[in-house]
Amino acid sequence: MSAFLRGYLSVLVFGFAAVAMVGAMLGAGRLLRPSRPQPQKYIAYESGVDPVGTGWSQSQVRYYIFALLFVMFDVEAVFIFPWAIRLEALGIFGLVEMLIFIVILALGLVYAWRKGVLRWV
């Protein structure tokens, strides 16, 4: 067997081991957990509020906006860490580009703040 295929074989073995470990942990959890079914556990609720009726219910849009803002600033962190590692190699060009990126995100935050999106009331 060539070294190339041996590398893929090791990845396959580690992948199988990972899937087997996850299955074993989920199986152990299923065997060890208590089982006390109660009707109250199966009632759906939206953000801690009891549902009204059994049909479609509308949820607040602000929860989705908070989630989108979180994703936006999480993506910012994903871009800033590699930039910080390679800052010396990028030089002044990399510094200016990252400052422009941060200013654009800061403008988005200021816009959301001024629109009252960050208010949780």
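Note that the coordinates shown come from a computational prediction; the quantities given were computed from them, not determined experimentally. (Residues numbered from 1 in each chain as written. Predicted model: local features only at pLDDT ≥ 70, side-chain atom pairs only at ≥ 80, totals over all residues. Heavy atoms only, no water.)

**Q** Would you explain the overall build of the protein chain in this entry?
**A** Each helix and strand counted, the protein chain has three helices and zero strands in total. When the elements of the protein chain are put in sequence order from the N terminus, they spell out α-α-α. The 121 residues of the protein chain split such that 7% are buried. Excluding contacts between residues fewer than 6 apart, the proportion of contacts in the protein chain whose partners are at least 24 apart in sequence is 50%. (Helix = DSSP H or I, 4+ residues; strand = E, 2+ residues; numbered from the N terminus. Buried < 20%, exposed > 50% of the residue type's maximum accessible area, 1.4 Å probe, protein only. Contact = heavy atoms within 4.5 Å.)

**Q** I would appreciate a short explanation of the packing of helix 2 (residues 61-85) against helix 3 (residues 87-115) in the present structure.
**A** Think of two packed helices as two axes; the pair is described by the angle between the axes and how far apart they sit. It is at 10 Å that the axes of helix 2 and helix 3 come closest, and there the two elements cross at 165°. Between helix 2 and helix 3, the angle falls in the class roughly antiparallel. As for how helix 2 packs across helix 3, the hand of that crossing is left-handed. In this structure, helix 2 contributes Leu69, Met72, Phe73, Glu76, Phe79, Ile80, Trp83, Ala84 and Ile85 to the contact, and helix 3 contributes Leu87, Leu90, Gly94, Leu95, Met98, Phe101, Ile102, Leu105, Leu109 and Ala112. Taken together, the residues of the contact of helix 2 with helix 3 break down into 17 nonpolar, one polar and one charged. (Axes fitted to C-alpha atoms, helices over the stretch in contact; angles between N-to-C directions. Parallel < 35°, antiparallel > 145°, perpendicular 65-115°, else oblique. Left-handed = near helix turned anticlockwise from the far one by under 90°. Nonpolar A, V, L, I, M, F, W, Y, C, P; charged D, E, K, R; others polar.)

**Q** How should the packing of aromatic side chains be read in this particular structure?
**A** Two numbers describe a pair of aromatic rings. These are the distance of the centres and the angle of the planes. Enumeration over the complete set of coordinates arrives at two aromatic pairs. For the ring pair Phe4 and Tyr8, a centre distance of 5.1 Å and an interplane angle of 80° mean the geometry is edge-to-face. Pair noted here: Phe4 and Tyr8 are both in helix 1 (residues 3-32), with a separation of four residues, about one helical turn. In terms of burial, Phe4 and Tyr8 fall into one category: exposed. Aromatic side chains Phe79 and Phe101 sit 5.7 Å apart centroid to centroid with 85° between the ring planes, which places their arrangement in the edge-to-face category. (Phe/Tyr/Trp six-rings, centres within 6.5 Å; stacked < 30°, edge-to-face > 60°.)

**Q** For this particular structure, what's the right way to read the side chain of Glu76?
**A** Topologically, Glu76 is positioned in helix 2. Buried and without a salt bridge, Glu76 has Arg114 as its closest oppositely charged side chain, separated by 19 Å. The contact partners of Glu76, leaving out residues within four places of it in the chain, are Phe101, Ile102 and Leu105. (Lys, Arg positive; Asp, Glu negative; His and termini not counted. Salt bridge = Lys/Arg side-chain N within 4 Å of Asp/Glu carboxyl O.)

**Q** So what exactly am I meant to see when it comes to helix 2 here?
**A** Side chains of residues three or four places apart in an α-helix project in the same direction, reflecting 3.6 residues per turn. Counted at 1.5 Å a residue, the expected span for helix 2 with its 25 residues is 36 Å, and the 38 Å between its end C-alpha atoms agrees. When we look at burial in helix 2, the residues that qualify are Leu69, Glu76 and Trp83. Elements in contact with the buried residues of helix 2: helix 3. (Expected span 1.5 Å × (residues − 1).)

**Q** It is not clear to me how the confidence of the model for the protein chain should be interpreted in this structure. Could you clarify?
**A** Reading fine detail from the predicted coordinates is not recommended where pLDDT is low. Scored by pLDDT, the protein chain comes out at a mean of 84, with 86% of its residues at no less than 70. Mean pLDDT across the elements of the protein chain ranges from a minimum in helix 2, with 83, to a maximum in helix 1, with 94. (pLDDT = per-residue confidence, 0-100.)

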